[in-house]
Amino acid sequence: MLLKVLFVSFPFFLQPILGSASDHLGTSFIHFNFKDFLEVISLANYNTRLVILSTSILGIASGSIGSFLLLRKRSLIGDAISHACLPGIGIAFLIMTALGNTGKFLPGLLLGASISGFVGVLVVMAIRNTTKLKDDAAMGIVLSIFFGLGVALLRIITEIPGASAAGLESFIYGKTASIVLYDFWLISLVAILVTVASFILLKEWTLLCFDSGYAATQGWPVYALDLSLLVGITLVTVIGLQSVGLILIIAFLIIPPSAARFWTENLKKMLIISSVLGGLSGWVGATMSALFQNLPAGAVIVLVATTIFIFSMLFGTSRGLLIRFIKHTKLNRKIGRDHLMHSSYEVLEEMAMHENRMINNQKIKRSRLLQRRSWMDTELKSLIHTSKKNGLIERYTDEYILLGEAGFAEAARTTRNHRLWEMYLIEYAEVAPTNVDRGADLVEHVLGADIVRMLESKMKTSPYMYIPNPHSESEGLS
Amino acid sequence: MEWYNLDTWIVITGALCASACAIPGCFLVLRQMSMMGDAISHAVLPGLAIAFMITGSRSSLSMFVGAAVVGVLTALFSQWISQFGKVDRGASMGIVFTSLFALGLILIVQASNHVELDASCVLYGALELTPLDLWHWEFLGLSFKAPRAACVLTMILVINITVIGIFYKEFKISSFDPALAKTLGIHSGLIHYLLMTMVAITTVAAFEAVGSIIVIAMLVVPAATAYLLTENLVIMMFVSVFFSIAAAILGHISAILVPSWFGLNSTSSSAMIAVMAGCLFLIAWIFAPKQGLLQNYFIKSKSHNKAR
Amino acid sequence: MTAAVPAPLPKSKILNPQSAALHIQDLTVAYHSKPVLWDVDLSIPEAKLVGIVGPNGAGKSTLIKACLNLLPKTSGAVQVFGKSYEEQRSMIGYVPQRESVDWDFPVSALEVVAMGLYGKIGWFRSVKSRHKKLAKEALDRVGIADLADRQISQLSGGQQQRVFLARALAQDTRVYFMDEPFAAVDAATERAIIELLKEFKSLGKTCFVVHHDLATVSQYFDWTVLLNMRIVKSGPTEEVFTRENLSKTYGGKLTILEEASNALRITH
């Protein structure tokens, strides 16, 4: 009874995925032996082989084309398409029955599903282009209405006397565990088509996703390109639907590309990584499902993909959280060091001004440093300590610090940079560059040598004292 | 067509469900999060499973709490992934709901070796059966009877109206301009999660009663229809409720009527309510006074004439 | 509404559409039933740097997008060198607004510049090393060749704008439409852009530039189009860029007029 409640709530997607589990009811979950393991891993079993290969190939194909979908910011269109396929299945069944065939002729049903899925996509685009509704609402509308239409149709069809429509609705929920050779060939065909297309049309689809307006002015048929991408998505979705089910194909189109994005900033590499991750999830997931009892293949594959995603999000070498955290910490440390150098130089400057002579390297009192910034005592201590390690500070006590040779030059450079930027921001407040690391980049690099020269000449007449130019004085230090 | 007391209850239940969805739906559409309803309705599965595993009962309340918690977690996880991982919002939603759904499936399969699956009841939503599950109660010596689903949905509707009524200002401003809301001291995040909680409990309550197609449709379609017709938020909410009730009535009638033209029995009411909501949307899309397709066409041809 | 209707261009100033770099006749554009541009007539000779100036919401970007067929025209026709846009597409380049793309996209600066060559490379063929060399040269001309391999989000705003200009440069067309290339860029980039524009002009190319900074108009452009939903005035900058015309364009808004008169003082 309890489960009935669950399933009343969770309709559609269960049936197929549960299929694989119910074959082995009664066996315990952790039942494992090495012989089975070998058999599964070596793909010795015909059925297992088909399932594992099919899901992997599908993962590869959806990983590659899903990347474009992600970059076009339309990831959820797979969700809309997969639901929009249902009325097409009903209509195809009706037409085929009316023509006197068996209504369950697979290619016919697939064609019907593809057509109605594609019509769904067209309606999404039409809503978006002709109303103020955005992508999300357009997809939500198409998804729910097409699906409602499909359910209503299928219900009517089952009432038709003589038409054996039983099981038709399970079409879109897949049957991972019972993939047959025919499905395998179909999946392979579509997968090859789509993967090859995403490499042949790499340049065109990239341009479309990056800057469709510019693409249009270059004479590329933007609508046709958009449609070609969506046709590819629809094909993958329809094939995926009937073999592995609705939820898995949605996940396959979204998760591997999102995971791949954490590893690279290069689109071609992203495509490859995404395909590999998709294929890997399919392989590992299907293998696990075959090895252990009671693990529905579709669900396991999704969870394997999710695990890969989480791993990528944490440890991805290009945009992963860890690498970004490290960069952030480094930046903070660098800013702290810059502040220390800058403050030290200003203290030296004050001392020199006081005694009316040129600035040179002397002991700097810690108390004076502390006054200059909102440093905690411990904070300053650790800054000084790391600077010593980096050779910027020659020695220090609780009372004072003494900059090293390199440290003094660095302090001068930092101060100069800082002041030039300050001048620049005052002079050109409205055109301040964004995204610039103001400490590290040479000012000249960002602003151009002539502007820097002008700023410098202004600075000499300002109350600031002369700041040595790093190019002339600290050459060879870095 | 014959109309029974039963049909009246079905229409009332459908209309209650549709209105309860339409109100938070307006904000989903305005905040460009329409797919959240779909995401949450898939993602609550592990919530139901865990609630059952912990309490060992199928009591509505524990399931309800479990589902609502996971519903909010769905919103939270999607937010994290898109914020910290810099992943597109739609994609992060997709990642979260497919993963949670898969997790829920595995939990359920592990929880029980005996899976009873009443596919037809499941697939088409059980709106037609709701009047059979009655609640009785007595008040001042009078005894009342009403379908349980209708009672639950009335409660949800009242909750939604109350929450929106109390926080109307906050909802409005944080949907329109979250940054401004922040400077005014309104916690947009809190409002966001309040909305997500509403969507979650509405979704759970509704699809226990009527199946999930109607929920997803009713969260988006009436609100989108209303959005095409008006620019005023209050009017938009009233209009969307009007459309959702209209869809419920038309939906049930057409579920009985349309198949009968072909000499067949009635089809699923939930599904037809969704379809009728779609028809109303289509009408608004074509005929909307300011931005309908027809209006746009006229403007074009008018200025063409002027140009000549 | 009719009070400030500008006088139509005198007939003598309307060039023969065959010789005009850009000839717009009776252009009207509407967004969701709200007209943004009304009855625009415009004729602009070749080899000019054309500044398109007007207040916010005046339809500056709309004008160039309509010229490029990126927006549906409600009425009117646009001709480039006497032929329709479709026929002349290969000689028209476009520099979109910087905000129009997602800078998190996984491509490098060099790859974006190479996109300017996609039209020439054609269907299905991949980008070869000679194309990359061309792209690198274009990046070098805008002064950021050393940043070629950086992912585009790691560039500063000015550098991103330079990447877009390098892309236009690589495309090598006769007419350019640029949408706010000077918006929020640093001084060095501004200078690099204007140098590039001058070079284009000396090569006989025509550039249409949406511009918002009144102070630099007479310095940068030799032809000015004053636009506020209709054409207020179009002509050589020294004739058109006057206080009177500006007040017509900006509708007598005090603050802007102040700004405008400051601009005039600076530049004249």
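Because the structure is a prediction, the values reported are computed rather than measured.

**Looking at the overall build of chain A**
So, point 1. Helix and strand counts for chain A stand at 21 helices and three strands.
So, point 2. Going through the 478 residues of chain A one by one, you find that 51% of them count as buried.
So, point 3. Across chain A, every contact between residues at least 6 apart in sequence was considered, and the portion connecting residues at least 24 apart equals 73%.

**Some points on the overall build of chain C**
So, point 1. On a plain count of helices and strands, chain C comes out with eleven helices and ten strands.
So, point 2. Among the 268 residues that make up chain C, the fraction classed as buried is 47%.

**Digging into the packing of helix α4 (residues 46-71) of chain A against helix α13 (residues 267-291) of chain A**
Residue and element names in this part refer to chain A.
So, point 1. Where α4 contacts α13, the axes come no closer than 7 Å and their chain directions differ by 155 degrees. Considering the angle they form, α4 stands roughly antiparallel to α13. Remark: the crossing between α4 and α13 carries right-handed chirality.
So, point 2. Taken together, the residues of the contact of α4 with α13 break down into ten nonpolar, 17 polar and no charged.

**A few points about the nonpolar core**
In a soluble, globular protein the nonpolar side chains are often hidden away together inside.
So, point 1. Counting 285 residues, the largest nonpolar core has B:Leu153 and C:Val113 as its most contacted members.
So, point 2. Here this core gets 16 residues from one element, more than from any other, and that element is helix α7 (residues 135-159) of chain A.
So, point 3. Look past the residues within four positions of C:Val113 in its chain and what remains in contact with it is C:Ala135, C:Ala138, C:Leu139, C:Val163, C:Ala166, C:Arg167 and C:Ala170.
So, point 4. In terms of nonpolar packing, the next biggest core, distinct from the first, is built from 16 residues, A:Tyr345, A:Leu348, A:Ala411 and A:Ala412 among them.

**A word on the sheet that holds strand β1 (residues 363-365) of chain A**
Residues and elements named next belong to chain A.
So, point 1. As summarised here, the arrangement of the three strands in space is β1-β3-β2, forming an open sheet in which the pairing is antiparallel. The sheet is open, and its two borders are formed by β1 and β2 (393-396), each paired with just one other strand. Strand after strand, the sheet turns through a mean of 30 degrees between neighbouring axes, direction not considered.
So, point 2. Relative to β2, helix α17 (residues 377-389) is tilted by about 130 degrees, and along the sheet it contacts β2 and β3 (400-403).

**Quick word on the packing of helix α15 (residues 321-355) of chain A against α17(A)**
Two packed helices can be described by the angle between their axes and the distance between those axes.
Residues and elements named next belong to chain A.
So, point 1. In contact at an axis separation of 10 Å, α15 and α17 are set at 90 degrees when each is read in the N-to-C sense. Our classification of the angle between α15 and α17 gives roughly perpendicular. Between α15 and α17, the residues in contact are Arg333, Gly336, Arg337 and Leu340 and Leu383, Thr386 and Ser387, respectively.

**Structural notes on the sheet that holds strand β5 (residues 83-84) of chain C**
Residues and elements named next belong to chain C.
So, point 1. Judged by pairing direction, the sheet is antiparallel, and its four strands sit side by side in the order β2-β1-β4-β5 without closing on themselves. Of all strands in the sheet, those with a lone pairing partner are β2 (34-44) and β5, marking the two edges.
So, point 2. As paired strands, strand β4 (residues 75-80) and β5 are joined by two bridges and run antiparallel to one another. Opposite Val80, over in β5, you have Lys83 as the bridge partner.

**A short note on the environment of C:Arg191**
So, point 1. Within the element layout of this structure, C:Arg191 appears in helix α7 (residues 187-202).
So, point 2. Considered as a pair, C:Arg191 and C:Arg98 are 93 residues apart in the sequence and their alpha carbons are 17 Å apart.

**Let's talk about unusual backbone geometry**
Residues and elements named next belong to chain B.
So, point 1. Its identity as a non-glycine residue notwithstanding, Lys86 has a phi of 55 degrees, on the positive side.
So, point 2. The topology assignment puts Lys86 in the loop between α4 (60-84) and α5 (89-111).
So, point 3. For Lys86, a count of 16 C-beta atoms within 10 Å corresponds to the partly exposed category.

**Brief notes about the environment of B:Met236**
So, point 1. With respect to the helices, strands and loops of the structure, B:Met236 is situated in helix α12 (residues 233-261).
So, point 2. Each C-alpha atom of the pair B:Met236 and B:Ile23 lies 9.3 Å from the other, and the pair is 213 residues apart in sequence.

**As for the pairing of strand β6 (residues 92-95) of chain C**
All names here are of chain C.
So, point 1. Neither face of β6 is open: one carries Ile92 and Tyr94, the other Gly93 and Val95, and all of them are buried.
So, point 2. Taken together, the four bridges between β6 and strand β7 (residues 175-178) define a ladder with parallel strand orientation. By the bridge assignment for β7, Gly93 is matched with Tyr176.

**What about the pairing of strand β3 (residues 49-53) of chain C?**
Residues and elements named next belong to chain C.
So, point 1. For β3, the buried fraction is high: five of the five residues fall into the buried class.
So, point 2. Judged by which residues are buried, β3 turns out to be covered on both faces: Leu49, Gly51 and Val53 on one side and Val50 and Ile52 on the other are all buried.
So, point 3. With five bridges connecting them, β3 and strand β8 (residues 206-211) associate as parallel partners. Across the sheet, Val50 pairs through a bridge with Phe208, a residue of β8.
So, point 4. Note that β3 and strand β9 (residues 223-228) share four bridges and pair parallel. The residue of β9 that forms the bridge with Ile52 is Val225.

**Some words on helix α7 (residues 148-166) of chain B**
Residue and element names in this part refer to chain B.
So, point 1. Between its first and last C-alpha atoms α7 spans 27 Å; for 19 residues at 1.5 Å apiece the expected length is 27 Å, and the two agree.
So, point 2. For α7, the set of buried residues is Ala149, Ala150, Val152, Leu153, Ile156, Leu157, Asn160 and Ile164. Take α7 and look down its axis: the buried residues cluster within an arc of 160 degrees, on one side only. Opposite the buried face of α7, at more than 90 degrees from it, the exposed residues are Val158, Thr162, Gly165 and Ile166.
So, point 3. Where α7 is buried, its residues touch α1 (5-30), β2 (142-147), α8 (168-176) and α10 (188-210).

**Some words on the confidence of the model for chain C**
Residue and element names in this part refer to chain C.
So, point 1. Averaged over chain C, the pLDDT score is 84; the fraction of residues at 70 or greater is 86%.
So, point 2. Within chain C, the element-level pLDDT minimum falls on helix α11 (residues 254-267), averaging 57, and the maximum on helix α3 (residues 109-114), averaging 94.
So, point 3. In this model, residues 1-14 is a region of pLDDT below 50 whose contacts with residues beyond four sequence positions or in other chains number ten contacts.
So, point 4. As scored by the predictor, the complex reaches a pTM of 0.85 and an ipTM of 0.90.

**Some remarks on the confidence of the model for chain A**
So, point 1. The share of residues in chain A with pLDDT of 70 or more is 81%, and the mean pLDDT across the chain is 80.
So, point 2. Counting interchain partners and residues more than four positions distant, the pLDDT-below-50 stretch residues 1-29 of chain A has 77 contacts.

**Considering the environment of C:Gln151**
So, point 1. As for its position among the elements, C:Gln151 is in the loop between α5 (129-141) and α6 (157-171).
So, point 2. A sequence separation of 43 residues divides C:Gln151 from C:Ser108, and the C-alpha atoms of the two residues are 4.2 Å apart.
So, point 3. Residue contacts for C:Gln151: discarding those within four places in its chain leaves A:Glu265, C:Pro106 and C:Ser108.

Conventions adopted
Residues numbered from 1 in each chain as written. Chains lettered and ligands numbered in written order. Predicted model: local features only at pLDDT ≥ 70, side-chain atom pairs only at ≥ 80, totals over all residues. Helix = DSSP H or I, 4+ residues; strand = E, 2+ residues; numbered from the N terminus. Buried ≥ 20, exposed ≤ 12 C-beta atoms within 10 Å, placed from the backbone. Contact = placed C-beta atoms within 7 Å. Axes fitted to C-alpha atoms, helices over the stretch in contact; angles between N-to-C directions. Parallel < 35°, antiparallel > 145°, perpendicular 65-115°, else oblique. Left-handed = near helix turned anticlockwise from the far one by under 90°. Nonpolar A, V, L, I, M, F, W, Y, C, P; charged D, E, K, R; others polar. Core = buried A, V, L, I, M, F, W, Y, C linked by C-beta atoms within 7 Å. Pairing = 2+ DSSP bridges. Expected span 1.5 Å × (residues − 1). Arc of directions from axis to C-beta. pLDDT = per-residue confidence, 0-100.

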